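# Tertiary structure, described
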Amino acid sequence: MTITESIEVALTLYQNRLKQGIQVIRRYDAHVLLLLCNPDELTQVWVNLIDNALYAMGQQGSLEIVVAQRHDRIVVEITDSGCGISLETQTRIFEPFFTTKPRGEGSGLGLDIVRQIVQKHNGDIQVQSQPGRTTFTLLLPIMS
Ligand SMILES: Nc1ncnc2c1ncn2[C@@H]1O[C@H](COP(=O)(O)OP(=O)(O)OP(=O)(O)O)[C@@H](O)[C@H]1O
Ligand SMILES: [Mg+2]
């Protein structure tokens, strides 16, 4: 499975919610090499990031997904037009059980799982956020 295929699997899982007012913008570089890693784990990463993005946007917004290659790394950027994450909150989002969602709506484990999977693949994850524009950037090494 290629990296874009694993992203498409995750998007399919959210198909119904995406149809209702969320615009998905795909910017996939066609020349990205195949990434050797566990496809199920990778899908889990996209599911968690898309889930958070959709929650932040509510009924309407845009979700932009960029897949590109920089030197020996694949870069994936997932940007949503949602509420954003304050600087104070940004320092805590990768902590297990940290959530700002009401009881019963989030366990706070999503980004902890993402961080663990990314680390296992010797990757890196960064966040940049302001109201109306939040980007999670993933860097994954291409293994030969
Ligand atoms: N795209 C985003 N926009 C705004 N806030 C976000 C975004 N992604 C994450 N967050 C913030 O980070 C917190 C932690 O995210 P995380 O995915 O770990 O847990 P959760 O979404 O609250 O619960 P779970 O993923 O277990 O359902 C969220 O509660 C939210 O405050
Ligand atoms: Mg989450």
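The shown structure was predicted, so the numbers you read here are calculated from the model rather than taken from an experiment.

Analysis parameters
- Residues numbered from 1 in each chain as written.
- Chains lettered and ligands numbered in written order.
- Predicted model: local features only at pLDDT ≥ 70, side-chain atom pairs only at ≥ 80, totals over all residues.
- Heavy atoms only, no water.
- Near = heavy atom within 4 Å.
- Polar contact = N/O pair within 3.5 Å; in protein donor to acceptor, adjacent residues only side chain to side chain.
- Areas by Shrake-Rupley, 256 points an atom, 1.4 Å probe, with all protein chains shown as cover.
- Helix = DSSP H or I, 4+ residues; strand = E, 2+ residues; numbered from the N terminus.
- Axes fitted to C-alpha atoms, helices over the stretch in contact; angles between N-to-C directions.
- Left-handed = near helix turned anticlockwise from the far one by under 90°.
- Contact = heavy atoms within 4.5 Å.
- Nonpolar A, V, L, I, M, F, W, Y, C, P; charged D, E, K, R; others polar.
- Parallel < 35°, antiparallel > 145°, perpendicular 65-115°, else oblique.
- Pairing = 2+ DSSP bridges.
- Salt bridge = Lys/Arg side-chain N within 4 Å of Asp/Glu carboxyl O.
- Buried < 20%, exposed > 50% of the residue type's maximum accessible area, 1.4 Å probe, protein only.

### So, the site of ligand 1
- Around ligand 1, 19 residues are found, and the nearest of them are Asp80, Thr99, Thr100, Lys101 and Ser107.
- Lys101 is positioned with one of its side-chain polar atoms (N or O) 2.5 Å from an oxygen atom of ligand 1.
- For ligand 1, an oxygen atom lies 2.5 Å from a polar atom in the side chain of Ser107.
- Taken by itself ligand 1 offers 600 Å² of open surface, and the protein chains cover 92% of this.
- Those elements that provide at least two residues to the shell around ligand 1 are helix 3 (39–57), helix 5 (110–120) and strand 5 (133–141).

### A closer look at the packing of helix 3 against helix 5
- Contact pair helix 3 / helix 5: the axes reach a minimum separation of 9 Å and the direction vectors enclose 145°. The interaxial crossing formed by helix 3 with helix 5 has left-handed handedness. Residue-level contacts link Glu41, Gln44, Val45, Asn48, Leu49 and Asn52 of helix 3 to Gly110, Leu111, Ile113, Val114, Ile117 and Lys120 of helix 5.
- Tallied by class, the residues present in the contact of helix 3 with helix 5 amount to 6 nonpolar, 4 polar and 2 charged.

### Quick look at the packing of helix 1 (residues 3–13) against helix 3
- Taken N-terminus to C-terminus, the directions of helix 1 and helix 3 make an angle of 50°; their axes are 8 Å apart at the nearest point. One finds that helix 1 runs oblique with respect to helix 3. In terms of crossing hand, the pair formed by helix 1 and helix 3 is right-handed. For the pair formed by helix 1 and helix 3, the contact residues are Ile3, Ser6, Ile7, Val9, Ala10, Leu11 and Leu13 on the first element and Leu42, Thr43, Trp46, Val47 and Ile50 on the second.
- Looking at the contact of helix 1 with helix 3, its residues break down into 10 nonpolar, 2 polar and no charged.

### So, the sheet that holds strand 5
- Read from one edge to the other, the open sheet built from 5 strands follows the order 1-2-3-5-4, with strand pairing classed as mixed. This sheet does not close on itself; its edge strands, each paired only once, are strand 1 (22–28) and strand 4 (124–130). When the angles between neighbouring strand axes are averaged without regard to direction, this sheet yields 10°.
- Bridge count for strand 3 (residues 73–80) against strand 5 is 8 bridges, and the pairing is antiparallel. If you follow Val75 over to strand 5, its bridge partner there is Leu139.
- In the packing of helix 3 onto the sheet, the strands contacted are strand 1, strand 2 (61–70), strand 3 and strand 5, and the crossing angle to strand 3 comes to about 25°.

### Regarding the pattern of salt bridges
- This structure, assessed with the given rule, holds 6 salt bridges.
- Notably, a salt bridge pairs Arg115 with Asp112, separated by 2.7 Å at the nearest N-O pair. Note that Arg115 and Asp112 are positioned in helix 5 at a spacing of 3 residues, about one turn of the helix.
- Exposure remark for Arg115: the relative accessible area of 25% places this residue in the partly exposed category.

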